[in-house]
Amino acid sequence: MKTHFSKSILITSIFLFITATLFADITYKVEKGDTLYSISRKYQLTVAELRTANNLSENDVIKVGQKLIIPDADIGTAAALSSSKTAGNTSPSGKTIDYTVKKGDTLYGIARNNGMSVADLMALNKLDSSAVIKVGQKLKVSAADNSSAAAASKTTKTAEPAKAGETVIKVTEQAPDTRTYGATVNADANTKWPVASPKITQVKGKISGVQLSAKTNEPVLCIAEGTVMYVGLYRGFGQVVFVQSKTGLIYAYTGLGSVKVRKGEYAVSGSELGTAGLDSISQKYQITFMVFQNGQPIDPAKAPRN
């Protein structure tokens, strides 16, 4: 009986450890020569995500030995934080409660502890991408019971700095396809898409967008003019370009084979943003196209074109 009880305790402990690890934050210790930009590239995230996860303003300077939280990659949050303004009132619905910011809090940590995305938390409190929270500040958070997620999120694990010539984020070429697909349809001739006459496959779940078939190295065109807010590798999506329209919508062109624009440029409708890439899983040329409003995906087929 005693042995059986001991085994039960051991199994329970292992389960709790694994659960905590799955929800663990990754921390990174700043080394000489590091910048937020170089760290963001190492982990294939945006600088804005790093700032938000660590409650840093644009004027804050990181120091050697400082520990930074490396947030989970979330393209919706990346889109929201890349936006220079909000686009309409799309605050998440549901019951909320007030939360008072404590010392050491970050938007990333508060969102995680309350089962929310950073984009949801920002939209709910009408915060822009440059927001830095302060001790004593009142925020609205989801009223759902997320005590287990909060407990698990307190565990941290340290990411070892990459050695010279090594890549921290490794892409498995033959990884299983975890995307969830809907029906595939031919493009409506009256609707403009980033590539010509694509087959359109609905991508469901967390990603929520459309996958567009393309010809080999086919040009990917801007369908709504605006400012290029982000260019670079984004974890799980390959080469990515975000274009923000005048109304604040973020148009995300992902899985590009090459990029022909730079951050800060103004992309006019019909201009070439890059070329379609070869998907490592399907081995077909295609892109994934998404449109976000305050970090929340909207139907790409219904998004404004110009």
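Each value, and the rule that gives it
Just so you know, the residues in each chain are numbered from 1, in the order the chain's sequence is written. A pLDDT threshold of at least 70 governs which residues receive local features in this predicted model, and a stricter bar of 80 or more applies before side-chain atom pairs are shown or counted, although totals over entire chains, interfaces and linings include all residues. No hydrogens and no water enter the side-chain calculation; it runs on all heavy atoms of the structure. Think of it this way: any DSSP run of H or I at least four residues long counts as a helix, any run of E at least two long counts as a strand, and we number them from the N terminus. Exposure classes here rest on a 1.4 Å probe applied to the protein chains alone. A residue is buried below 20% of its type maximum, exposed above 50%, and partly exposed in between. Residue-level accessible areas treat just the shown protein chains as cover; the underlying method is Shrake-Rupley with a 1.4 Å probe. Whether two residues are in contact is decided by their heavy atoms: any pair within 4.5 Å suffices. The predictor attaches a confidence to each residue, and that confidence, scored 0 to 100, is pLDDT. We call Phe, Tyr and Trp rings a pair once their centres come within 6.5 Å, taking the six-membered ring for Trp, and we label the pair stacked below 30 degrees between planes, edge-to-face above 60, and tilted otherwise. Placement of a charge over a ring requires the Lys NZ or Arg CZ to be within 6 Å of the ring centre, with the centre-to-atom vector within 35 degrees of the ring normal. Under the rule applied, a polar contact is a pair of N or O atoms within 3.5 Å (in protein, one hydrogen donor and one hydrogen acceptor; residues adjacent in sequence only if both atoms are side-chain atoms).

> What is the right way to read the overall build of the protein chain from this model?
Summing up its helical and strand segments, the protein chain has seven helices and 16 strands in all. For the protein chain, the residues scored as buried account for 41% of the 306 residues in total. Surface exposure of the protein chain reaches about 16,600 Å², of which carbon and sulfur atoms provide 55%.

> Before we go on, may I ask you to explain the environment of V64 in this structure?
Along the chain, the position of V64 falls in the loop between α3 (47-53) and β2 (67-70). The exposure class of V64 is exposed, given its relative accessible area of 61%. Remark: the alpha-carbon pair of V64 and D34, spanning 30 residues in sequence, is separated by 7.9 Å. When neighbours within four sequence positions are excluded, V64 is seen to be in contact with V30, E31 and K32.

> Explain the confidence of the model for the protein chain to me, please; I cannot follow it from the model alone.
As a note on interpretation, predicted positions should not be read in detail where pLDDT is low. Averaged over all residues, the pLDDT of the protein chain equals 82, while 76% of them reach at least 70. Low pLDDT, under 50, characterises residues 147-156; the predicted model gives this stretch 14 contacts beyond four residues in sequence or across chains.

> I'm lost on the packing of aromatic side chains in this one. Help?
Centre distance and the angle of the planes are the two values used to describe a pair of aromatic rings. Inspection of every chain in the model, using the stated rule, returns six aromatic pairs. Considering the side-chain rings of Y28 and Y43, the 5.9 Å spacing of their centres and the 75° angle between planes classify their relative orientation as edge-to-face. Of this pair, Y28 sits in strand β1 (residues 25-29) while Y43 sits in the loop between α2 (36-42) and α3, and the two are 15 residues apart along the sequence. Taken together, the aromatic side chains of W193, Y251, Y253 and F289 make up a single cluster linked through ring pairs. If you follow R305 out to its NZ or CZ, it ends over the ring of W193, 4.7 Å from the centre.

> Whenever I open this one, helix α4 (residues 75-82) confuses me. Can you help?
Owing to its 3.6 residues per turn, the α-helix brings residues three or four apart onto one side. Among the eight residues in α4, eight count as buried, and that is most of the element. All buried positions along α4 are accounted for by I75, G76, T77, A78, A79, A80, L81 and S82. Buried residues belonging to α4 abut α3, α6 (118-124), β10 (226-234), β11 (238-244), β12 (250-259) and β15 (285-293). Where α4 begins, one side-chain oxygen reaches toward the backbone nitrogen of G76, 2.9 Å away; that side chain belongs to D74.

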